[in-house]
Amino acid sequence: MVAPHSPSFKSDPPAVAEAKQQVRARCLAALKAHDPALDAQLCQRLTHTLLALPAASIGCVWPLPDEADLRPLCHALHAAGRIVALPETPVRGHPLTFRVWQPDCTMVPGRFGTQVPDGPALVPQVLLVPLVGFDRAGNRLGYGGGYYDRTLAAHPHITAIGYALSVQEVDHIPTGPYDRPLSCLVTEKERLDFG
């Protein structure tokens, strides 16, 4: 889902915001309780999907507690000759900055408990988009900060691929007027292409 990055950006109507909060709480509980063995399966499917693309640079994600651990994916992409970039979270209301990661690079503390490479900035050609929950219509529920929405709005040429564990699927994600569905999402079980 992509929210426009402009001064006139408005939040969801109260009923939609409340419905999102309820779904977010359920999905976060499922993510927290997930079997860590699923992370390796997700990394394998993502590696296969990403290496099939001609992109030289890929924006990945360093895990926060309870999230799927994509560090093996970062190593596999680097070993295959791809440039891996990880996000640096700016102040709210701005798109993410991506910094080049290599296995031996220095990681520095970022906002919200994140780790950021101490490397040059880069706009990746493909971007993995984390999410809290998803549905079969391609709707994505994020953490609520809008960072990926703003990043994708600022860089519409980036190929965005959502990723999640299957335990994060719900029947319906509430959407607001600024939400846009993903075109592709990968879980440990399958790749889903939407429209």
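Residues numbered from 1 in each chain as written. Predicted model: local features only at pLDDT ≥ 70, side-chain atom pairs only at ≥ 80, totals over all residues. Heavy atoms only, no water.

Undergrad: How do you make sense of the overall build of the protein chain when you look at a structure like this?
TA: Helix and strand counts for the protein chain stand at four helices and 11 strands. Against the globule reference of 16 Å for 195 residues, the protein chain gives a C-alpha radius of gyration of 16 Å, in line with a compact fold. Viewed in the frame of its principal axes, the protein chain has a C-alpha envelope of about 45 × 35 × 30 Å. Expressed as a percentage of the 195 residues in the protein chain, the buried residues total 48%. Long-range pairs, those at least 24 residues apart, make up 70% of the contacts in the protein chain with a sequence separation of at least 6. Here the protein chain carries 17 positive and 18 negative side-chain charges, and the mean point of each set is 5 Å from the other. (Helix = DSSP H or I, 4+ residues; strand = E, 2+ residues; numbered from the N terminus. Rg over C-alpha atoms; globule rule 2.2 N^0.38 Å. Buried < 20%, exposed > 50% of the residue type's maximum accessible area, 1.4 Å probe, protein only. Contact = heavy atoms within 4.5 Å. Lys, Arg positive; Asp, Glu negative; His and termini not counted. Charge placed at Lys NZ, Arg CZ, Asp CG, Glu CD.)

Undergrad: Looking at this model, I keep getting lost on empty space enclosed by the protein. Mind explaining?
TA: Take a probe with the size of a water molecule and roll it over the atoms, and the empty space left behind shows itself. All chains considered together, the criterion is met by one cavity of 30 Å³ or more. Considering only enclosed or pocket space, the largest cavity measures out at about 80 Å³ in volume. If you go around the largest cavity, the residues you meet are Leu31, Glu67, Ala68, Pro130, Leu131, Tyr143, Tyr163, Ala164, Leu165 and Gln168. Of the residues that constitute the lining of the largest cavity, the class distribution is eight nonpolar, one polar and one charged. (1 Å grid on protein atoms, 1.4 Å probe; cavity = no way out; pocket = protein on both sides within 12 Å on 5 of 7 lines; lining within 4 Å. Points joined across faces, edges and corners; volume = space filled by probe spheres on them. Nonpolar A, V, L, I, M, F, W, Y, C, P; charged D, E, K, R; others polar.)

Undergrad: What is the right way to read the pairing of strand β6 (residues 126-129) from this model?
TA: Moving residue by residue along a regular strand, the side chains alternate between the two faces of the sheet. The alternating pattern of β6 places Val126 and Leu128 and Leu127 and Val129 on opposite faces, both of which are buried. Looking at chain direction, strand β1 (residues 57-59) and β6 are connected through two bridges and run parallel. Looking across to β6, one finds that Ile58 is bridged to Val126. Where β6 lies against strand β9 (residues 159-163), four bridges are found, and the strand directions are parallel. Bridging from a neighbouring strand, Val129 pairs with Gly162 of β9. (Pairing = 2+ DSSP bridges.)

Undergrad: Even after reading the chapter, I still don't get the packing of helix α2 (residues 37-51) against helix α3 (residues 71-79), so can you show me in this structure?
TA: The description of two packed helices rests on the angle between their axes and on the distance between the axes. Viewed as axis vectors pointing N to C, α2 and α3 meet at an angle of 30 degrees, and their least axial separation amounts to 9 Å. Taken together, α2 and α3 sit at an angle that is classed as roughly parallel. Our pair here, α2 against α3, has a crossing hand that is right-handed. Contacts from Cys43, Leu46, Thr47, Leu50 and Leu51 in α2 reach Pro72, Leu73, Ala76 and Leu77 in α3. Considering only residue class, the contact of α2 with α3 consists of eight nonpolar, one polar and no charged. (Axes fitted to C-alpha atoms, helices over the stretch in contact; angles between N-to-C directions. Parallel < 35°, antiparallel > 145°, perpendicular 65-115°, else oblique. Left-handed = near helix turned anticlockwise from the far one by under 90°.)

Undergrad: Honestly, the packing of aromatic side chains in this entry has me stumped. Any pointers?
TA: Within a pair of aromatic rings, the relevant descriptors are the distance that separates the centres and the angle that separates the planes. All told, the structure shown has one aromatic pair when counted by the stated rule. Centre to centre, the rings of Trp62 and Trp101 are 5.7 Å apart; their planes meet at 45 degrees, and the pair counts as tilted. Note that Trp62 is positioned in the loop between β1 and α3 and Trp101 in strand β3 (residues 97-101), a separation of 39 residues in sequence. Of the two residues, Trp62 and Trp101, neither departs from the other in class, the shared state being buried. Lying over the aromatic face of Trp62, Arg71 brings its terminal NZ or CZ to 5.8 Å of the ring centre. (Phe/Tyr/Trp six-rings, centres within 6.5 Å; stacked < 30°, edge-to-face > 60°. Lys NZ or Arg CZ within 6 Å of the ring centre and 35° of its normal.)

Undergrad: How should I be thinking about the UniProt feature "binding site: substrate" (unreviewed entry) in the protein chain in this particular structure?
TA: UniProt's feature table lists "binding site: substrate" (unreviewed entry) at Glu67, given in the numbering used throughout. Relative to the elements of secondary structure, Glu67 occurs in the loop between β1 and α3. According to the relative accessible area criterion, Glu67 is buried, its value standing at 12%. In this structure Glu67 touches Leu31, His34, Asp39, Val61, Trp62 and Tyr143, once residues within four positions along its chain are discounted. (UniProt positions renumbered as here; feature names shortened; annotations may be inferred.)

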